[in-house]
Amino acid sequence: MDIAGKLDPTRLLPVVRKSMNDFAAALPVGERPAISTDTFCAGLASFLTMLAQTNEVMNLTSDADPGHLLATHIRDSLAPLLVGLESPHSLLDIGTGGGFPAVPLALAWPTTTVTMSESIGKKAHFLESLVGGVPLPGARVVHGRVEDHASALPERAFDMITARSVAHIATILQYALPLLASNGRLVLWKGEKDLAELQDPPFVATLHRVHCTATVLDYALPGVERNSKLVILQVTPTLSGRSSRRNGS
Ligand SMILES: C[S@@+](CC[C@H](N)C(=O)[O-])C[C@H]1O[C@@H](n2cnc3c(N)ncnc32)[C@H](O)[C@@H]1O
């Protein structure tokens, strides 16, 4: 079906508002205003329109239908609000792909500086088009593998790093450690079966070495039967044994 041909952000706006109003009921009361503003809903409508249009020529997502994306990827990207995580000053999203979770979070947290890291050139180019088009004034894109970007991604600069469906938890922790600010949090979207990664011996050894705690928070999206998890890794600042090495060096 040619979804993109039928879309424009103005026509989509009532659909976005309805979905987000329904979702707001599942959020802690204090988080509801973040997704109730005109700017948030208009931004999401622009994002969904641009995603559907670009998906006609490039495979960004398997199903670009806005109703489907609102009920699944958009709401799932907002899981940090569901569990009551505070907005960070500076967020790095590793492997943003078609825009998740960075774009919904950038819209919900307009005072946060958001960096989207993406290794595939055409996806990074699409993300750059979102910065001007949605628009996302506090966002920027760094094209390339996150572990290769010593200069573009300053060390210890991010008080939150996110990654959704990117790599094994041990791999992401290794990428994130040099970039996390003191007391910063690494937030990972994981399914029930992925939790075995937390028992992986090399990962457990790294946790001990860098004095990092792991917390698993359950969340449920409205209308979705299975529970999902956010795994939150936090380094104890004064005890940190973090190395500044990148890319296996
Ligand atoms: C399965 S997609 C998930 C995309 C998005 N996070 C989501 O939840 O829909 C994984 C993305 O991570 C990117 N990626 C994988 N390893 C990466 C790395 N080391 N640095 C930057 N991007 C990476 C891939 O190019 C791909 O776009």
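Residues numbered from 1 in each chain as written. Predicted model: local features only at pLDDT ≥ 70, side-chain atom pairs only at ≥ 80, totals over all residues. Heavy atoms only, no water.

1. Quick word on the side chain of Lys190
Here's step 1: In this fold, Lys190 is placed in strand 5 (residues 180–190).
Here's step 2: Exposure remark for Lys190: the relative accessible area of 12% places this residue in the buried category.
Here's step 3: Each residue touching Lys190, except ones within four places of it in the same chain, is listed here: Ala167, His168, Ile169, Glu197, Ser228, Lys229 and Val231. (Helix = DSSP H or I, 4+ residues; strand = E, 2+ residues; numbered from the N terminus. Buried < 20%, exposed > 50% of the residue type's maximum accessible area, 1.4 Å probe, protein only. Contact = heavy atoms within 4.5 Å.)

2. Observations concerning the pairing of strand 5
On a regular strand, one side chain projects to one face of the sheet and the next to the other, so that they alternate.
Here's step 1: In terms of burial, strand 5 is largely enclosed, as nine of its eleven residues are buried.
Here's step 2: A crossover connection joins strand 4 (residues 158–164) to the parallel strand 5 through helix 8 (residues 169–176); in handedness this β-α-β unit is right-handed.
Here's step 3: Note that strand 5 and strand 7 (residues 228–235) share six bridges and pair antiparallel. Across the sheet, residue Leu186 finds its bridge partner in strand 7, namely Leu233. (Right-handed = clockwise from strand over helix to strand, strands pointing away. Pairing = 2+ DSSP bridges.)

3. Looking at the side chain of Ser46
Here's step 1: On the secondary structure map, Ser46 appears in helix 3 (residues 38–55).
Here's step 2: Sequence-distant contacts of Ser46, that is, excluding residues within four places in its chain, are made with Pro9, Gly133 and Val134.

4. Observations regarding the site of the ligand
Here's step 1: Residues in contact with the ligand amount to 17 residues; listed here are only the nearest, Gly95, Phe100, Glu118, Lys123 and Arg164.
Here's step 2: The contact in question runs from a nitrogen atom of the ligand to an N or O atom on the backbone of Val146, over 3.0 Å.
Here's step 3: With the chains in place, 80% of the 600 Å² that the ligand exposes on its own is no longer accessible.
Here's step 4: Of the residues that constitute the shell around the ligand, the class distribution is five nonpolar, seven polar and five charged. (Near = heavy atom within 4 Å. Polar contact = N/O pair within 3.5 Å; in protein donor to acceptor, adjacent residues only side chain to side chain. Areas by Shrake-Rupley, 256 points an atom, 1.4 Å probe, with all protein chains shown as cover. Nonpolar A, V, L, I, M, F, W, Y, C, P; charged D, E, K, R; others polar.)

5. Some words on the sheet that holds strand 7
Here's step 1: Judged by pairing direction, the sheet is mixed, and its seven strands sit side by side in the order 3-2-1-4-5-7-6 without closing on themselves. This sheet does not close on itself; its edge strands, each paired only once, are strand 3 (139–143) and strand 6 (212–219). Taken over all neighbouring pairs, the strand axes of this sheet differ in orientation by 20° on average, direction set aside.
Here's step 2: Across the sheet, helix 8 touches strand 1 (90–94), strand 4, strand 5 and strand 7, and the angle it forms with strand 5 is around 155°. (Axes fitted to C-alpha atoms, helices over the stretch in contact; angles between N-to-C directions.)

6. With respect to the UniProt feature "binding site: S-adenosyl-L-methionine" (unreviewed entry) in the protein chain
Here's step 1: In the numbering adopted here, UniProt assigns the feature "binding site: S-adenosyl-L-methionine" (unreviewed entry) to Gly95, Phe100, Val146, Glu147 and Arg164.
Here's step 2: Following the sequence through the fold, Gly95 ends up in the loop between strand 1 and helix 6 (102–108).
Here's step 3: Contacts of Gly95, omitting those with residues within four sequence positions, involve Phe100, Ser117, Glu118 and Val166.
Here's step 4: Structurally, Phe100 can be placed in the loop between strand 1 and helix 6.
Here's step 5: We classify Phe100 as buried; its relative accessible area is 9%. (UniProt positions renumbered as here; feature names shortened; annotations may be inferred.)

7. Some details on the nonpolar core
Here's step 1: Core analysis: the biggest nonpolar cluster contains 55 residues, and Met20, Ile74, Leu78 and Met116 have the highest contact counts within it.
Here's step 2: A total of nine residues in this core trace back to one element, the largest contributor, which is helix 3.
Here's step 3: Val142, Leu180, Leu188 and Phe203 belong to the second-largest nonpolar core, a separate cluster that totals 27 residues. (Core = buried A, V, L, I, M, F, W, Y, C linked by side-chain atoms within 4.5 Å.)

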